[in-house]
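# Examining the three-dimensional arrangement
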Amino acid sequence: MNDIKAVVMTPQIYRYVRKQAGQPTAVQEKLIARTAELGDSAEMQIPHEQAVLLSLLVKLTGAHTVVEVGTYTGYSTLAFAQALPPHGKVITCDVSTEWTAIAEEAWQAAGVRDRIDLRIGSAAETLAALPEEPVIDLVFIDADKVGYAHYWDLLVPRVRQGGLLLADNTLYYGEAADEQPEGNAAAIDAFNTFVRNDERVESVLVPIADGLTFARKK
């Protein structure tokens, strides 16, 4: 008996999925185009349908405080900020002033710059310096893959009970499922095992985009 109930993502089906997410705003369109000009690194930008999902998750959880590890050009940050209430805040961490300068232009154009606290520097140091009280509502990890488990350990105690933790690229081009994954894929495979065995949360890996792990803090 075949228990796999999944649709193979052809270009035609993907266009259909993308259509259901609606059209990007003018600011988002401009940010997508500006990021594409960066060349190969543009693959680090999340797809629009994933940004729509992130916005929905903010609204569904009633989040006020979001922490993001990995800003890049700020598409996901923008999705979070636009979904937050006016007094909400996204704390986003990155090491690049070049990429985040592009992000800041978009945030400003969208009128949400005041909801975003950009922190340049080591993400581990930034997270360790956050208050230790469990007040974070939602976390999104999308940075260097070998650092995922450490970022997770720093963040879980700071997330409120019932809060949501998200980790991106947890399929890593499908390579995390290889018999003997290597490099970043091996780091992601180890992280997936770590999360699955983390008794502080209940989690599931969903095959959207490059794999997105959802975890609820118990």
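Everything below is about the structure printed above this text.
Notes on the structure follow. (Residues numbered from 1 in each chain as written. Predicted model: local features only at pLDDT ≥ 70, side-chain atom pairs only at ≥ 80, totals over all residues. Heavy atoms only, no water.)

### Looking at the pattern of salt bridges
Put simply, the rule is: What counts as a salt bridge is simple: a side-chain nitrogen of Lys or Arg found within 4 Å of a carboxyl oxygen of Asp or Glu. Each residue is assigned to one of three classes by its accessible area relative to the maximum for its type, calculated with a 1.4 Å probe on protein chains only: buried under 20%, partly exposed between the two thresholds, exposed over 50%.
Per the counting criterion, the structure on display carries 9 salt bridges. Note that R119 and D117 form a salt bridge whose closest N and O atoms lie 2.7 Å from each other. By relative accessible area, R119 is classed as partly exposed at 29%. By relative accessible area, D117 is classed as partly exposed at 24%. Salt-bridge contacts for R200 lead to D198; the nearest nitrogen and oxygen are separated by 2.9 Å. Judged by relative accessible area, which is 31%, R200 ranks as partly exposed.

### A word on unusual backbone geometry
The line we're drawing: In this text, helices come from DSSP runs of H or I with a minimum length of four residues, and strands from runs of E with a minimum of two, each type numbered from the N-terminal end.
Residue N169 is not a glycine yet carries a positive backbone phi of 65 degrees. Inspection of the secondary structure assignment puts N169 in the loop between β5 (159–168) and α8 (183–196). Using a relative accessible area of 15% as the deciding quantity, one classes N169 as buried. Look at Y173: it is not a glycine, yet its phi comes out positive at around 60 degrees.

### With respect to the sheet that holds β5
The line we're drawing: Two strands pair if DSSP finds at least two bridges between them. What counts as an axis is a line fitted to C-alpha atoms, over the stretch in contact for a helix, and the angles between N-to-C directions run from 0 to 180 degrees. The contact criterion used throughout is that any non-hydrogen atoms of two residues lie within 4.5 Å.
Here we have 7 strands laid out as an open sheet, ordered β3-β2-β1-β4-β5-β7-β6, and mixed in their pairing. Across the chains shown, the open sheet's two edge strands, defined by having one partner strand only, are β3 (116–120) and β6 (201–206). Pairwise comparison of adjacent strand axes, ignoring direction, gives a mean angle of 15 degrees for this sheet. Across 5 bridges, β5 lies against strand β7 (residues 212–217) in antiparallel orientation. In the strand pairing of β7, D168 is matched with L212. The sheet strands contacting helix α3 (residues 48–61) are β1 (65–69), β4 (136–141), β5 and β7, and the helix crosses β5 at an angle near 175 degrees. Packed on one face of the sheet, α8 meets β5, β6 and β7 and runs near 140 degrees to β6.

### Structural notes on the layout of surface pockets
Cut-off, in case you're wondering: Whether a set of points on the 1 Å grid over the protein atoms alone is a cavity depends on a 1.4 Å probe fitting there but being unable to get out, while an open set qualifies as a pocket with protein on both sides within 12 Å along at least five of seven lines; lining residues are those with an atom within 4 Å of a point. Grid points are joined across faces, edges and corners, and a volume is the space filled by probe spheres set on the points. Charged means Asp, Glu, Lys or Arg here, nonpolar means Ala, Val, Leu, Ile, Met, Phe, Trp, Tyr, Cys or Pro, and polar covers whatever is left, Gly included.
Approximately 790 Å³ is the volume found for the largest pocket. Lining the largest pocket are 33 residues, with M44, D142, A143, K145 and N169 positioned closest to its centre. Classifying every residue of the lining of the largest pocket by side-chain character gives 15 nonpolar, 11 polar and 7 charged. Computed from the structure, the second largest pocket encloses a volume of approximately 390 Å³. Forming the boundary of the second largest pocket are 14 residues, of which V7, M9, P207, I208 and A209 lie nearest the centre. Residue composition of the lining of the second largest pocket, by class: 12 nonpolar, no polar and 2 charged.

### Let's talk about the packing of helix α2 (residues 26–36) against helix α4 (residues 75–83)
Filter applied, for reference: Comment on the angle field: the value is read as roughly parallel under 35 degrees, roughly antiparallel over 145, roughly perpendicular from 65 to 115, and oblique elsewhere. Left-handed describes a crossing whose near helix is turned anticlockwise from the far helix by less than a right angle; the clockwise case is right-handed.
Their axes nearest at 11 Å, the elements α2 and α4 cross at an angle of 165 degrees. Classified by the angle between their axes, α2 and α4 sit roughly antiparallel to one another. Crossing hand, α2 versus α4: right-handed. Between α2 and α4, the residues in contact are V27, Q28, L31 and I32 and Y75, L78 and Q82, respectively. Taken together, the residues that form the contact of α2 with α4 break down as 5 nonpolar, 2 polar and no charged.

### Topic: the packing of helix α7 (residues 148–155) against α8
Contact geometry of α7 with α8 gives a least axis separation of 9 Å together with a crossing angle of 30 degrees. Taken as axis vectors, α7 and α8 run roughly parallel relative to one another. Counting all contacts with α7, which are made through Y148, A149, W152 and D153, the residues of α8 involved are I188, F191, F194 and V195. Of the residues contributing to the contact of α7 with α8, the split by class is 7 nonpolar, no polar and 1 charged.

### What to know about the environment of E104
Mapping E104 onto the fold places it in helix α5 (residues 97–110). A relative accessible area of 29% places E104 in the partly exposed class. Taking the C-alpha atoms as reference points, E104 and L78, separated by 26 residues in sequence, lie 9.5 Å from one another. With residues near it in sequence (within four places) discarded, E104 still touches R113 and L118.

Keep in mind that these numbers describe shape and distance, not what the molecule does.
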